[in-house]
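Here is what each chain is made of, one letter per residue.
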Amino acid sequence: MDYRELGRTGLKVSRLCLGTMTFGEQNTEAEGHAQIDYAVDRGINIIDAAEIYPVPPKAETQGRTEAIIGSWIAARNMRDKVMLATKVVGRGKMAWLRKDGSPTRQSAKQIMEAVEASLKRLKTDYIDLYQLHWPDRPMRIFEGHDYLHLEGDTHPIHEILGVLAKLVAGGKVRFVGLSNETPWGVMSFLKASEQHGLPRPVSIQNAYNLVNRSFETGLSEIFHREQMSLLAYSPLGQGYLSGKYEGGALPQGSRKTLFNRLGRYEKGNGPRAISSYVALARKHGLDPSQMAIAFAVSRPFVTSTIIGATSMNQLKTDIGAAELTLADAVLEDIEQIHLDYPNPCP
Ligand SMILES: NC(=O)c1ccc[n+]([C@@H]2O[C@H](COP(=O)([O-])OP(=O)(O)OC[C@H]3O[C@@H](n4cnc5c(N)ncnc54)[C@H](OP(=O)(O)O)[C@@H]3O)[C@@H](O)[C@H]2O)c1
């Protein structure tokens, strides 16, 4: 396993990060612990969670993912071997998430409530990377559309950073990160940090995979020039790039079969692009999942690729991709498909 610096923090994170949003829904506590054990044994030193996990988010299951990580921390006594990344939600209607039943916002009160609850579930007294899961601004999130301006009030960015500054000063959070952010959002956070002497976000966690390379359009330059880190999520397009849904297959127990909320991979040129990448991997004698993950890992602006698995076999395959270097011929073929079908699943 190779390591890269997280932003300008001096911390070295593994090129793969263990995603956990299946823990507590598709995976039991014992399975979650086995996944963390295996990942740590293979050199992964960063685990990603969120206060709302597992997915799909529900009042009955919320918090289970962090609790499973927390029981692993308590059982193994290895807190110093892993970096914990978790997230506070942005603007949303999940009134069940907060004690007073308010819609979710990144107010001081809500962020403080969220961080205390995450620390308790994680059974730790500090979070290495505390991320804003999505913005407090009124925005379309997870819908894959181009920017559409929506009117509405928003907490000023320096106020949100000010709350995070208190958490950093109090030792509860080491570094702060963004997620599902736009170029305007990232630059505004950097500006607020400089103008007000507040913590500088070190990373962004955005979707990045063969069928969604929109990060390359504006954000990648910011990340190079500002020395920030992309933590790339959904490297398999939530499973589609493994080829498991080819020809309309619905494998038992898979995310699509269970929850059927992955329409973004089935629109427009999405299915054609996915089939082309799966066929390309097979043409070159590669496992399609390993090719997709190795592609994300190989990008210079990706610091760590967040994998997710529901079985040990998947996890072994996915972690194995960290050792795969894609040949020039494979990369050239990937570029050709990208030209034919640019970002069909944003
Ligand atoms: N910040 C955000 O908004 C955000 C959003 C999404 C994810 N994330 C983070 O990123 C992590 C990974 O995201 P993701 O789960 O969407 O990643 P992904 O790699 O695109 O999809 C992972 C899923 O694909 C299937 N899979 C994995 N390896 C496979 C293999 N070798 N062969 C066949 N199927 C395989 C599994 O689902 P099935 O077994 O069910 O098919 C697995 O859960 C999450 O756990 C979370 O930490 C963050």
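As the structure is a prediction and not an experimental result, all values here were calculated from the model.

Attention now goes to the packing of helix α3 (residues 108-122) against helix α4 (residues 157-169). One can describe the packing of α3 onto α4 by two numbers: an axis separation of 10 Å at closest approach and a directional angle of 35 degrees. Helix-helix and strand crossings are classified by hand; for α3 and α4 the assignment is right-handed. Residues Ala-108, Ile-111, Met-112 and Val-115 of α3 form the contact with α4, whose own contacting residues are Ile-160, Val-163, Leu-164, Lys-166 and Leu-167. Classifying every residue of the contact of α3 with α4 by side-chain character gives 8 nonpolar, no polar and 1 charged.

This brings us to the pairing of strand β5 (residues 83-88). Most of β5 is tucked away, with 6 of its 6 residues classed as buried. Residues Met-83, Ala-85 and Lys-87 of β5 are buried on one face, and the alternating residues Leu-84, Thr-86 and Val-88, pointing to the opposite face, are buried as well. As paired strands, strand β4 (residues 46-48) and β5 are joined by 3 bridges and run parallel to one another. Counterpart to Ile-47 in the pairing with β5 is Leu-84. In this view, the connection linking β4 to its parallel neighbour β5 by way of helix α2 (residues 64-76) has right-handed handedness. Taken together, the 4 bridges between β5 and strand β6 (residues 127-132) define a ladder with parallel strand orientation. Note that in β6 the partner of Thr-86 across the bridge is Tyr-130. The β-α-β motif built from β5, the intervening α3 and the parallel element β6 has right-handed crossover chirality.

What follows concerns the site of the ligand. Surveying the vicinity of the ligand reveals 35 residues, the closest of which are Asp-48, Ser-234, Lys-244, Thr-310 and Asp-318. In the model, an oxygen atom of the ligand is placed 2.6 Å from a nitrogen or oxygen of the Asp-48 side chain. Within the side chain of Asp-318, an N or O atom sits 2.7 Å from a nitrogen atom of the ligand. Only β10 (302-307) and α10 (312-320) provide two or more residues apiece to the shell around the ligand. For the shell around the ligand, the element with the most residues is α10, which contributes 3 residues. Of the residues in the shell around the ligand, the class split is 10 nonpolar, 20 polar and 5 charged.

The rules behind these values
Residues numbered from 1 in each chain as written. Predicted model: local features only at pLDDT ≥ 70, side-chain atom pairs only at ≥ 80, totals over all residues. Heavy atoms only, no water. Axes fitted to C-alpha atoms, helices over the stretch in contact; angles between N-to-C directions. Helix = DSSP H or I, 4+ residues; strand = E, 2+ residues; numbered from the N terminus. Left-handed = near helix turned anticlockwise from the far one by under 90°. Contact = heavy atoms within 4.5 Å. Nonpolar A, V, L, I, M, F, W, Y, C, P; charged D, E, K, R; others polar. Buried < 20%, exposed > 50% of the residue type's maximum accessible area, 1.4 Å probe, protein only. Pairing = 2+ DSSP bridges. Right-handed = clockwise from strand over helix to strand, strands pointing away. Near = heavy atom within 4 Å. Polar contact = N/O pair within 3.5 Å; in protein donor to acceptor, adjacent residues only side chain to side chain.

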